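# Results of the structural survey
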Amino acid sequence: MKKRILLYISAFLVFAMVGVSCNDDEEEQETSVATYTQSSTAITGFNLIDNSAILANLDSIFFTIDLENARIYNADSLPKGTDVSRMLVQLSYPDCYSVEVSINNAERMRDTTFAYSNADTIDFTGEVKIKVTALDYVTNRTYDVKVNVHQLESDSLQWGEVAYSTLPSMRGDVAMQKSVKYADDVYCLMNDNGYYVLATADSPTGTWTKQEVAFPFTPDVRSFTATDDALYILSADDGRLYASADAVDWSDCGTAWSCIIGGYGDRLLGVAGDGGTYCYDEYPRRAGFASTAVDDGFPVSGMSNIAMYDNSWGSNPIAICMGGVTASSELVEHAWAYDGDRWSVLSNNGIGGHEGMSLLLYTTYSVNEENWSATALPTLMAWGGRTDEGKLSNVMYVSRDMGVHWSVADTLLQLPSYIPAMYRADALVFNATRRADAAVRSSAGTLMWREMPSPEMPVWFNTAIPAAMPQGVLATRGTGGDGISPVTEWDVPYIYVFGGEDLQGNTHDTVWRGLLNRLSYKPVY
């Protein structure tokens, strides 16, 4: 009996020792696995090896290594057309058992898996994964690797968030309209079923205030114009110029014009004439001003709205307009500019005669081919109008040297196809606040916007917006601008296109709202 009890005790001690040994091994293994997971599967460096036959400065491309999500990618994409099917890669990683590269669905290489070497090319046109296995032969991590390439030209901008609404009328029967930006608000004057209706708001997406205006004369609605401190309009009967501080009460300025060109600071620029001789004029006239005959080829009607920009080689800002109709009824194909004293032809090349174009100063981008960073450029954009052939155009033209040279914009900068060709449309830029945590919703009394489809933005679009912004782009406001706090809200510039007419003179009862995608993204600091 005693022998049997001793046998049981011995057996128990043996199993106990085995159990302790197993627990020790498990604890040691858990510690080992945790160590390997944290250190021996981490890719700490990723660079493309320089190859000028593919692209200059290839080894300077910065790649993000997202260890949390096991992703490696270049946020700033390579230029369109870059051949990524034969790339050499330099990796950095701790001591490990193996590093394997797998390639699937590539254009050049067949599906394959091989041991990594910086002498072996990788075809990044397919799905590329890099698997790192730790020294325990078990712990591993697989990284998705992507070399992003622009699918579009690098300086292209794509329209997104396009929407439309109706004009802010009272009766829904707009025969004519003119919309201007005045004192940072939008003023829309309409002939609405025979009544003159004024709608005002702090922005086109704000709450509109509407009222009928009893003019003591018959207004030429399309001549409605703003300066820094007043609103102006011409009488449709005799061309008398009237001024107002609120677009409701009007006073006679004591002069008559054939055409208002636009505002220049607190002065109004125009053309005086009776159909025979046309002269430059302004109101109020500055000291020493003398009215002179317009230059040959200068438009006396039908020019675009004025766009303003600072003059880097002089003290006065420059006002520019596109197209129009000369005294001899010829359509103008050039840009004309005003420097605060006189008018002159600005553009070196013409775009063909146009009447009633829309013009604004916005932003496009150029790309540095050494580090592939994007730089904002002030860009004049002109589109629409009636052409020499008597047709309406929807072609977008751009100038990146302030109106000296013009060219047809890249395909992706052209207006979406569902926006009809028109002329005499009013283009305004207003900034709207975007928030990272929620969409901005319209309140009661605002226009009902209908979203329109637009192509999806590719993932490679550069989201960084430079701190120094040209007109049309506002810097980040709210938190985040210090480079430490997270960015929670920021301002983006929307383009609004009011009205416009068809060839028969019918006014489109629409307000189009568009935004170029690169300008919509959350700033990165």
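Here, every reference points to the structure presented above.
A quick note: this is a predicted structure, and the numbers were derived from the prediction, not measured. (Residues numbered from 1 in each chain as written. Predicted model: local features only at pLDDT ≥ 70, side-chain atom pairs only at ≥ 80, totals over all residues. Heavy atoms only, no water.)

In this section: the sheet that holds strand 19 (residues 267–273). Sheet architecture is open: three strands sit in the order 18-19-20, paired in antiparallel fashion. Every interior strand has two partners, whereas the edge strands, strand 18 (259–264) and strand 20 (278–283), have only one. On average, each strand axis in the sheet is tilted by 25° relative to the strand beside it, whichever way the strands run. For strand 19 and strand 20, the ladder comprises six bridges, and the chain directions are antiparallel. Residue V271 lies in a different strand from strand 20, and its bridge partner there is Y280. (Pairing = 2+ DSSP bridges. Helix = DSSP H or I, 4+ residues; strand = E, 2+ residues; numbered from the N terminus. Axes fitted to C-alpha atoms, helices over the stretch in contact; angles between N-to-C directions.)

Right, let's talk about the nonpolar core for a bit. The biggest cluster of nonpolar side chains holds 45 residues, and the ones touching the most others in it are Y362, M381 and M396. Ranked by residue count, the leading element in this core is strand 33 (residues 489–501), at seven residues. With residues up to four places along the chain from it excluded, the contact list for M396 reads W159, M381, A382, W383, S407, V408, A409, L413, Q414 and L415. F63, M109, I122 and V145 belong to the second largest nonpolar core, which has 32 residues in total. (Core = buried A, V, L, I, M, F, W, Y, C linked by side-chain atoms within 4.5 Å. Buried < 20%, exposed > 50% of the residue type's maximum accessible area, 1.4 Å probe, protein only. Contact = heavy atoms within 4.5 Å.)

Together, E330, E333, D388 and E389 make up a region of like negative charge exposed at the surface. With respect to the element layout, E389 can be found in the loop between strand 28 (386–387) and strand 29 (396–399). (Patch = residues over 30% accessible without salt bridge, like charges linked within 9 Å, V, L, I, M, F, W, Y side chains within 5 Å. Areas by Shrake-Rupley, 256 points an atom, 1.4 Å probe, with all protein chains shown as cover. Salt bridge = Lys/Arg side-chain N within 4 Å of Asp/Glu carboxyl O. Lys, Arg positive; Asp, Glu negative; His and termini not counted. Charge placed at Lys NZ, Arg CZ, Asp CG, Glu CD.)

All right, on to the pattern of salt bridges then. Applying the stated criterion to the full structure yields 14 salt bridges. The shortest N-O distance in the salt bridge between R222 and D426 comes to 3.2 Å. You can see R222 sitting in strand 14 (residues 219–226) and its partner D426 sitting in strand 31 (residues 423–435), a full 204 residues away along the chain. Residue class for D426 comes out buried when judged on its relative accessible area of 6%. For R240, the salt bridge identified is with D252, shortest N-O distance 3.0 Å. Separated by twelve residues along the polypeptide, R240 in strand 16 (residues 240–244) and D252 in strand 17 (residues 251–256) bring together distant segments of the chain. Its relative accessible area of 25% is what places R240 among the partly exposed residues. The exposure class assigned to D252 is partly exposed, which follows from its relative accessible area of 40%. One continuous salt-bridge network, built from bridges that share partners, spans R267, E282, R286 and D341.

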